[in-house]
Every structure is written in structure tokens, then in C-alpha cells.
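Structural description and commentary
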Amino acid sequence: MLRIGIIGCGKITQVRHAPEYAENPECRLTAFYDFLPERAQDMVKLYGGQAYDSVDALLNSGVDAVSVCVANADHAAVSIKALQKGMHVLCEKPMATTLADCKAMARAAEDANRTLMLGHNQRLAKAHVEARRRVAAGEIGRVISFRTTFGHSGPEGWTGQKNSWFFDKSRAAFGALADLGIHKTDLLHYLLGEPIVAVKADFRTLDKKYPDGSPIGVDDNAFCIYRTQSGATGQMHVSWTFYGEEDNSTVLYGTKGILHCYADPTYSLIIEHFNGETERIALDEMTSNKKQTTGGRVSTGVIDSFVHSVRTGEPSLCDAREALKAMRVIFAAERSALENRDIQIEQ
Ligand SMILES: NC(=O)c1ccc[n+]([C@@H]2O[C@H](COP(=O)([O-])OP(=O)(O)OC[C@H]3O[C@@H](n4cnc5c(N)ncnc54)[C@H](O)[C@@H]3O)[C@@H](O)[C@H]2O)c1
């Protein structure tokens, strides 16, 4: 039975990590830590275990693995410390706030020979899993172009805080570009089975403000044009200013067909084959800020994947190498926007 600690007991811990560990019979929640002690105490009341008063105290409590669910700027330091102490780590996205920190995390996992998984849950959405299989089987031919979108009304609709660290450049580093863009960038790698090698990007704070009316410290919209190794070219738009329904859709345009993921409210996967047949498949509903379960299941599968990887040594949903590959694209997008030019991505 794995002993699990959680560092950072905010929203993602409350709605995903803690309940999903509690549902998994192979592990037990034993330790919690948060800057705000009452948050760790609340988790203890719900799930048992003990609250600790520092990261070190939690890591010395005999845990086998930890979830790192703190603000982005602390992902690297906390994860590396845990790996060096011999714990397996499930870290939330985005991996870290500098490329050097992302590389250091990957190195620490390798040196310690421990699992480091990143919480890229879009890889588990059923329509994405099926789309990847269909693309690999050549059902839509060669992918020529694509577009992917992830937009919602912003983190204040998620955490309930109008002034959160998500808006603070020193704590978050990026706005929508990395908060949402890392999901979609990684998803493109996952669906297309090849890396993005070049990017042209722009990101801006178009609308979002602090309660005092001043603009937030990070971008609320990012626009990227990506080119893959085989030459497929397409766009990613991520946004914190879609104030109505969330958009989490992806469309791949191939030589033999077009594949739509989460672009239709009923059919999560639609495949238009150019032979005249159109498949409409209702697989699941995408998780959203308001709804965290997929297809009526309690679990998104993220925690199950991590626990399985730790127990068996099999690859996890998204290991450090895959996460680093996607983060390189995000940092390149930032550079592209700042320098107003195409950036080739180091592979
Ligand atoms: N996979 C996803 O889809 C997804 C969704 C939402 C958030 N996240 C990620 O999860 C992480 C947490 O986000 P959240 O929505 O839970 O935010 P949140 O603000 O609700 O919670 C963060 C918690 O961590 C605590 N904290 C921050 N830094 C800390 C530190 N160094 N040590 C101890 N406690 C610390 C805060 O007090 C707070 O309770 C972020 O990196 C975010 O990007 C991922």
C-alpha cells in the first residue's frame, strides 16, 4: 500500500488529487501540507492522515509518493526535493516556470530513478485516446493542418479568488499561454505522434483585470501557429476570456478525412471520411471548471495512472521527457512573441 502525501491543498487537490487517491485501493493518503494550515487540516478531516507544517516535515513522514499541487513557481523546488529524498512525484502542470527548472526536474527524476509524472489529463479524455488511435492507423491520411482551442472564463471561476496567484507573474510566470496552452501543446504531440518544431506566437492581456481595475500581470489570451516535423501546420488559441461556455475543441484536417474532438456537445468524436461516411461517436464529456468527472466516472484516471506507474515501473501518462518536450514549445512561443519572429524549437 503506497503512502501518499499532498503538498498544496487548494482547488485541484480538493476536486481531483485527494478524491482520486481516496478511490484508489492501492494507496492511502497519509500526509498533507499547505502554506495555509487550515487547508491541510480540512483534507485530514475528509481523508484521514496528518497535517504537517513544512515540506520537509511531510517528506520525512515516511511517504512513498507525493502530489505537488502548489503555485507554478514552486513546482521545481518542491518536486526536486521530493525526488532527491526518494519519493515518486506527480506534479501539476505547467511543469515549471523556466526551461532550466524543467530540465533540472527531469534530471532529478532520472538520477533518483523515480517516477516523475505531470498532470496532463487531456491525454486521458476518451475522444483524444480514440483520435490518437485513428490518426496512427492512417484513417484521416496525412494531417495537413489543425486547430486547437482551450478557453474558459479564467482561474477566478475555478478557485473563486479574484486576486489569485494565477494572475501574478512572479508566481505563475504565464497566463493562458502555459496554464491552458501546455494542455493543448502536449495534446498535439500526443495526437499527431510527432514533435512541434517551429512556432510563431502572440500573447496579450486583452481584458482581464484585478478588482481595482488594473490589468492582471500575465496574458489572458495566446495565439500560436505551430509547424510539426512532417510539415503539418496549424493554430492554437488559448484564452481566459471565453466568458460563456468553455471551448476545448481540436480539429485535425487530413488528406483522407477530418477529425473533430469535443467540437460537438453530443458527439465527442466526429470523423468525416472523404469516402462519404461520417462517424459520430458519443464517448464522454470533456471535464470543465464546473465539472471534473469524465463520462460519469468519479475519476479522471490521472491518479490511477500515477499509482500504477509507481507500483509497476511502467511508463506513466506523461513522463518528464514528454512534459519537457511540450514546455520547450511554450518557452519558444514566449520568445517568438517577445521577439516577433519564428522560433525553431530545440529537440
Ligand atoms: N491539470 C489541470 O487541469 C489543472 C487544473 C487546475 C490547476 N492545475 C495546477 O495545479 C496547481 C495548483 O492549482 P490550484 O488550482 O489548486 O490553485 P489554488 O490556488 O486553489 O491552490 C494552491 C494551493 O497551494 C498552496 N501553496 C502555494 N504554494 C505553496 C508552497 N510553496 N508550499 C505549500 N503550499 C503552497 C496555496 O496556499 C493553495 O492552497 C497549479 O500549478 C495549477 O496550474 C492543474
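Source: prediction; values computed, not measured.

So, about the environment of Asp53. In this fold, Asp53 is placed in the loop between β3 (50-51) and α3 (55-59). Asp53 gets classed as exposed once you look at its relative accessible area, which sits at 67%. For the pair Asp53 and Val307, spaced 254 residues apart in sequence, the C-alpha separation works out to 25 Å.

Attention shifts here to the domain arrangement of the protein. Taken as a whole, the protein is organised into domain 1 (2-121) and domain 2 (122-344). Each partner contributes residues to the interface: domain 1 has 40 residues there, and domain 2 has 42 residues. When the two sides are added together, the surface that domain 1 and domain 2 hide from each other amounts to roughly 3,600 Å², 67% of it contributed by carbon and sulfur. Across the contact surface, domain 1 and domain 2 share three salt bridges.

Most often, soluble globular proteins have nonpolar side chains that are buried together. Judged by nonpolar contacts, the single largest core of 108 residues is most densely connected at Tyr21, Leu116 and Tyr226. For this core, the element with the highest residue contribution is helix α12 (residues 320-339), accounting for 10 residues. The residues that make up this core include at least three from each of domain 1 (2-121) and domain 2 (122-344).

The next subject is the confidence of the model for the protein. Mean pLDDT over the protein: 95, with 97% of residues reaching 70 or higher. Confidence drops under pLDDT 50 across residues 293-297; counting only partners more than four residues distant or on other chains, this segment forms 12 contacts.

Before going further, it helps to examine the sheet that holds strand β4 (residues 65-68). The strand order across the open sheet formed by six strands is β3-β2-β1-β4-β5-β6, and the pairing between neighbours is parallel. Bordering the open sheet on either side are β3 and β6 (116-118), each of which pairs with just one other strand. Relative to strand β2 (residues 27-33), strand β1 (residues 2-7) runs parallel, the two being bridged by six bridges. Opposite Ile7, over in β2, you have Tyr33 as the bridge partner. Along the sheet face, helix α2 (residues 37-47) touches β2 and β3 and points at about 155° away from the line of β2. Contacts from helix α4 (residues 75-84) reach β1, β4, β5 (88-91) and β6 within the one sheet, and its direction differs from that of β5 by about 160°.

Turning our eyes to something else, we now look at the side chain of His189. Looking at the secondary structure, you find His189 in helix α10 (residues 181-192). In terms of polar contacts, His189 uses its side chain to reach the backbone amide nitrogen of Ile196, at 3.1 Å.

Calculation rules
- Residues numbered from 1 in each chain as written.
- Predicted model: local features only at pLDDT ≥ 70, side-chain atom pairs only at ≥ 80, totals over all residues.
- Heavy atoms only, no water.
- Helix = DSSP H or I, 4+ residues; strand = E, 2+ residues; numbered from the N terminus.
- Buried < 20%, exposed > 50% of the residue type's maximum accessible area, 1.4 Å probe, protein only.
- Domains from an automatic or database assignment.
- Contact = heavy atoms within 4.5 Å.
- Buried area = accessible area lost by both parts, 1.4 Å probe.
- Salt bridge = Lys/Arg side-chain N within 4 Å of Asp/Glu carboxyl O.
- Core = buried A, V, L, I, M, F, W, Y, C linked by side-chain atoms within 4.5 Å.
- pLDDT = per-residue confidence, 0-100.
- Pairing = 2+ DSSP bridges.
- Axes fitted to C-alpha atoms, helices over the stretch in contact; angles between N-to-C directions.
- Polar contact = N/O pair within 3.5 Å; in protein donor to acceptor, adjacent residues only side chain to side chain.

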